[in-house]
Structures are given as structure tokens and as C-alpha cells.
Amino acid sequence: MGTLRRALMAAATTAGAAALTIGGLAGSAGAQEVTTGILWGNMNTVTQDLLNRAADDGNNFLMTHGNYHQTRFYPNRQINTLNVRHLHPAWIFQTDVMESMETAPVVINGVMYVTTSFDHVYALNARTGEQIWEYKHKMGPITTYCCGPNNRGVAAYGDMIYVGTLDSKLVALEAKTGKLVWQSQIADPELGYSETMAPTAVDGKILIGTTGGEYGIRGFVKAFDAKTGKLLWTFNTTAENSQGVWATTDATGRDLHRDIAAEKAAYAKNGDPYKTLGGGVWQNPSVDLATRRIYFVVGNPSPDLDGAPRPGDNLYTDSLVSVDLDTGKYVCHFQYVPHDLWDMDAVSATVLVDVKDKDGNVVPGVLHGEKTGHIYVNSRKDCSLIRFSEAMVPQENMWTLPTKEGARMLPGANGGVEWSPMATDPNLGLVYAVNLHQPMNYFVESAPYPSGKLWLGGAFKTIPTEEQWGNVTAVDYNTGKIRWQVKTQQPMIGGIMATAGGLVFTGEGNGLFKAYDSATGAELWRFQAGAGVNAPPSSYTVDGKQYVVVAAGGNTQMDYKRGNNVIAFTLP
Amino acid sequence: MTLPRASLILVVLGSMLAAPATGRADDVEQKAAICVACHGDKGVPINPNIPIIWGQNEGYIYLELRDLKLGNRKSDVMGPIAATLEKQDMIDLAAYFAAKPWPELEQPSPPRDVVKRAEQAINAAVCQSCHLDHWQGNSTTPRVGGQQHEYLRATMAAFRDGTRANNPWMTALLKTYSDQDIDALAAYLAAAQ
């Protein structure tokens, strides 16, 4: 189907080019072949209809997580379990920036858009890797960001490309040239706000959250007008009346060891801490066009490890939240870890799939892989919890309170599942996550908010004598059972993609990029990229040839070997 | 530096700030002239406990001047100087010094056992996740690679005992380290280019 559409588009392109040539003849001395213009047809306007059908698009990879449901399932099967062993690099593109790469390439009609640390954006010929243009963001002097100068990619809409920047701007570029069209200041970077997530484009709106949960910000998701950059709505991710229900257990029923009486007294004395409560948003919201709702998860409360300045459940930190796409008004939420003291927050992208509820009925669901090491399955209707998966990583001493001397707990503060987006295979009913096992000690140390400086309320440190490793895990989202699990040498960060070819692709800090059989976890192919492969892979098809592409730039947060490569693979 | 000298600097600085605001480049040159007395006219500080600011990251210089003015970072010398600066002065000075070349002091590499100790300390806290690969930092995070050995040691000690209180994360982290760890880290980072 994808191939047919491409052929039709090529035909339309030829007709368009011919018309241009004839028009040109009237004013010129002789016939001229049109040699300028875009590479693979003139259809480079990203329409809403194209985006709506992204999940079935076997040519493009239209959003950082594939489609509005963020399934990261690519529907082309040209590269599959039988031939993946022949996969080899088609081209390698080297960026100007040798630093952590978390970008998920977006590919539209043969043009690929990738980003780097410090917010460079590149448009590449997706067939050859040749650079079409580069945009270097003129960074303001003040940036405050946790966990590396990362950027996770662009959004495409109409004839524009959108990117968020470390100095907390939303930038709109002309897709053909990379020329700056407009930029809007999202928030004040001196107060701890910055952008590392990719925006989401839908119905004339550009949606973007904010990082800063480590800086005493008040988090948000905002919608901007795609044409003008004007702010349309803001949803604050920390609620007024953030105390919630004074929950004593987490979503799985474990005791949080809270002193509720002391917290209530502090709340009565000092008031609602919502203004500096954190609540960053690290990943794109998923979009349910049928109900016009978006679903995203909110990160940790500030300060991370010290609960004293923030009594209460700290709504909506560590929560799944749904708001109305058109107005930004609250629809529902579900909190995984009330009054979090371990940075055990919700950062990976939400995924929308139909799931079986407790009675076996198929209902619209939303999946989230959490730092706790569980995948949570919630109802899209009211955000309520349907089930949670078996733990994908060891859990010990949960929820022991951080101490001045340091208290050991598993998972370590990077999770479980970090920002790394998951993938699903709807045919198998499986969701795939990449995990970290990093034993850590948690220390608490109270301090007032140091404006624009990290505010963690303590520290977490790995335990040098204890082994660290990672997993690739497949979970049946209709039962919560782990179907298969493969260990990796190092904790995993970066993300994963599934394809209709029966494969999942994911990379490691040691430079290995691997393909597994998505049904069994058998490793079918590997490639040594020379630097950490810690970014989500994408796939696309040009001229009838399927490619898999991934960035190999290492990772700042995990200190994996840095690089600057974008590598596209294809079959001979 | 003695207090009377600091007072003299204030008088001079005060008269500079009172000058008409014509030509921002000239202005910042004038304001920066005062810094040379301690931070050095070629970027090499006059004492080992004074930091290199030539080539330091712009956002970091600005935030430190801001914190010195607000009193969040205490310094008998820098506090009164920063108190006279307006936000734009701090932004201009930060840009001015950030654009200067970092002076390479070529401080010696420590022995192998010290390097090992420093690397262990670094790995436990993943210091590069903020100070970045090669210790260059960025924007509001300082470059620490090649900074003055004694300044690094004294600063880490001050963070740990809370006398430098404008970055509680560093305080919390450094409280988990011993004197030997801090000595090793200072030697290691000073030698890093």
C-alpha cells in the first residue's frame, strides 16, 4: 500500500514538474530541464491527514515515536527475521557535535531530520546521507538543564520543522531550507527551564512540555500555534491543592513509609508547595484523535530526595495525566508514586493500544514504562490502573527512606525504564522496554532552592562494588507477564523500535546495535557502531528500499562513549 | 587582597558605572579592568586560590556574579564588587570573559594511584553528566578541567562544609567524599585539559 502511494506521488510530481517546465518556456529562450527542487517528489508538505495515518505509513517515519499512539511499530516487513543478517550500513553521516545523541530521526518523503546536543538540526538525503541543510541554534548565554545537553528530535507539520532548545525556546524552521521562521520563548532558563524533548504537531498546534524537575520549576505542557508561535494554552503539571489524598502506598500497594501527620502539619504551616514542585515532562504526549485527548507522564517532584519542603502527594508528579487537546483542560490522572523521595518518576513516552481489562473486555488503554521497573497499563477513559507488569529489574528495599548516611535501594535513580521510549507489536500483544540495573545509595540533605541551580535535596550515587547491567524486555500487556528478557552488558538507555518484519532494534552503551526476534528475543544481528547507541531507532523506505536508522553519539547521563554518527542500514 | 584595596576598587568601579552608557564594548572593557588585579591580565590569576575566569562558561560567570550580589555565595572580596553590578553589567562581563582564551597552566598529572582514586570518585557520581566529557562544562556549568589546583580543592572543601552554599547539589554530593577523594579529584581535574 505504501509503495502504491509512493508511485502515485511520483506520478503527481512528474506532472507538477512538467507544468513548471512549460510555464518556464514562455519566458525563456529554450527548453530547460528542472534540476532544482526537492529530492524525491514535490510532496513535502506534511498534512494532518498524512500524520493521522502515520501508523500505516510504510514509507515515512513521521514523528519521533512513529505515530500519534507512539507505538514505535514500523509497518514495513522488507527487512525481516529471515534476511536481517544481511543488514549493513548504507551510509554514515557525521554531525558537527561530538556529544550525547538522543535524537529519533524523522523521515518525510526521502528527507531525514535529526538533531544533536546543543540543538543543531540537520536535513539529510535519506537515501545517501548527504546533508541538505544544517541549522545551528544561536544559544542564549544561560541554559540550565539536567542530564546532558540533549535533544530528542523534531516535529514536522505543513512545510515547517519544529524543535525545542536548551535555552527554553520553541523554534520553527522552513523544512526546505532550515531557515528560521519564528521562535517563541517558552519559559525563563535562568529559573531552571529547558527543552530536550521533541515537540508534537497536531491540528495546527505544537505541543511541548519542559524539563526542570531538578530545578524547582513549575512544570507544564503548552500548545503553540504552528503558524505564528503564539501560545494557545498551558496545562500546569503541578496542581494547586497538590496534597492529593495523602496516599500511604504506591500504585503497586507498597508502603511508602510516609509520616502523614507530620506532612499534614507542615502543609498547614507552610502551605501548598505547587509553585516550585517540579513536574518536568521528558517525552512527547500520545494523542487520541477519537476523543481529542492527549496522554503524557509527569516527572519527579522538586527537590528529588527531600520531602520536607513539599508535604502531600505532590500532584501531578510521577503521574499519568490526560488533558483535552483543544483546550489543555484536565481530564484525568493516575499517580504511580505519591510523594516520591527517590526520583522514581515517570519519564518514558506513553503508548496507546487497545488492551484487555480485568474482565477480558478490550478497551482503549495507555502503557507507560516507569523507573520503578514496572510497565503500567491504564484505562484511557478515566486513567485508572488496569494492571502493572512483573518487575523487569531487581527491586530491593522499596521504599526505604533516603538518609544522611545513604540508604541502598533498587532500582537506582535512573530506573527501571528511563526516558527511553518503548515499542509495541500489536500482532503479538507485546510491549518492549529497555532497562537499567544500577544499585544506588540515596542520600538526603535539606537546602533551600538555589535559584537556577540543581535542587535535588541530597544525592544518589552508584555503589562501585556492585555489578550493573541492562535488559531488553518484552511484556504481554494483556497479562502483565514478561514474555522474554535478554540481558545486556551495560544499563540500557536510548529506546527501541519494533517492525512488521518480526524484529525489534535497540542499541547499547558499548556501541552495539542489535536486532532481536520480536517474538522470542533471539538475537539475529549486531553491528558495532564505535560509540554508544543510546537513541531511539527509526525506519523508512525510499525508492522501494527499507532502511533502519539510528544515532550513535553515546550518552552524557550514563557517560557512554560519545560519537557524532547517524547510521542508516539496509539490505544488499 | 585586603579590605581597603577592595574599597578602593569599589570607588573606582562606582565611577566607571556612573559613566554615560555609550558604547557597550568600551563600557565592559572598563568594568573588566578591575578584575585584572586578581584574575590576571593574561587570564592567569595572581594567587593559586583565585579561579581562572578567562574562557570560563558565560552562563556560569553570570550566575556566580548574581549569587555573589544576592549573598548566596559569600566572598569578602567579590561580594562588594558584585553588589555594584546591575544584571546587564553581569551579562556583559560574563560574555566578555567567556570570549577570552583559557590560559593553559599545564599543571602536572598526578601519580597513578591518585588518578585511580579520582576516577573511582568520578564514576560513582557520574560527574561528566554535568561537567561533560573533557570537563569543559557548558553554559551555567563551569569548566573544571585545567582550573587552578588549589582553587578546585578549596572550592570542593567549601561546598562540602557548606561555606559555599550556592549549589546544594554539590554540597550533598561532596559530603559523600573523603579529604583524600577531594585531593585526588582536584589534582586530576587540574591536570585535565
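Preceding block: the structure.
Rules used throughout
Residues numbered from 1 in each chain as written. Chains lettered and ligands numbered in written order. Predicted model: local features only at pLDDT ≥ 70, side-chain atom pairs only at ≥ 80, totals over all residues. Heavy atoms only, no water. Core = buried A, V, L, I, M, F, W, Y, C linked by side-chain atoms within 4.5 Å. Buried < 20%, exposed > 50% of the residue type's maximum accessible area, 1.4 Å probe, protein only. Helix = DSSP H or I, 4+ residues; strand = E, 2+ residues; numbered from the N terminus. Contact = heavy atoms within 4.5 Å. Buried area = accessible area lost by both parts, 1.4 Å probe. Salt bridge = Lys/Arg side-chain N within 4 Å of Asp/Glu carboxyl O. Pairing = 2+ DSSP bridges. Expected span 1.5 Å × (residues − 1). Arc of directions from axis to C-beta.

Core analysis: the biggest nonpolar cluster contains 117 residues, and Tyr113, Tyr162, Ile294, Phe296, Trp342 and Tyr442 of chain A have the highest contact counts within it. Ranked by residues supplied to this core, first place goes to helix H11 (residues 179–191) of chain B with seven residues. When residues no more than four places from it in sequence are discounted, the contact partners of Phe296 of chain A are Val221, Phe235, Thr237, Val281, Pro285, Ser319, Leu320, Val321, Val323 and Thr350 of chain A. Core analysis: the second largest hydrophobic core is formed by 36 residues, Trp91, Met112, Ala126 and Leu503 of chain A among them.

For the rest of this paragraph, the subject is the interface of chain B and chain A. Listed by partner, the interface residues are 29 residues for chain B and 32 residues for chain A. Of the roughly 2,500 Å² buried at the junction of chain B and chain A (both faces included), carbon and sulfur atoms supply 57%. When residues of chain B are sorted by the area they lose upon contact with chain A, Ala124, Pro168 and Trp169 of chain B head the list and together hold 21% of the total. A salt bridge links Glu190 of chain A to Arg66 of chain B, with the shortest nitrogen-to-oxygen separation between them at 3.1 Å. When contributions to the side of chain B that touches chain A are tallied by element, the ones reaching two or more residues are helix H4 (58–70), helix H7 (112–125), helix H8 (128–131) and helix H10 (168–174) of chain B.

Moving on, we come to the sheet that holds strand S33 (residues 523–528) of chain A. All names here are of chain A. Taken in spatial order, the five strands line up as S1-S30-S31-S32-S33 in an open sheet, and their pairing is mixed. Only two strands of the sheet have a single partner each, and these edge strands are strand S1 (73–74) and S33. Judged from the five bridges that link them, strand S32 (residues 512–517) and S33 form a sheet pairing that is antiparallel. Looking across to S33, one finds that Ala515 is bridged to Trp525.

Moving on, we get to H7 of chain B. If you check H7 of chain B, its first and last C-alpha atoms are 20 Å apart, about what 14 residues at 1.5 Å a residue would give, namely 20 Å. Buried within H7 of chain B we find Ala118, Ala121, Ile122, Ala124 and Ala125 of chain B. On an axial view of H7 of chain B, the arc spanned by its buried residues comes to 165 degrees, and they lie on one face. Turned more than 90 degrees off the buried face of H7 of chain B, the exposed positions are Arg112, Asp113 and Lys116 of chain B. Each element contacted by the buried residues of H7 of chain B is listed here: strand S27 (458–462) of chain A together with H8, H10 and H11 of chain B. Two residues or fewer past H7 of chain B, Val126 of chain B is found with a positive phi of approximately 45 degrees.

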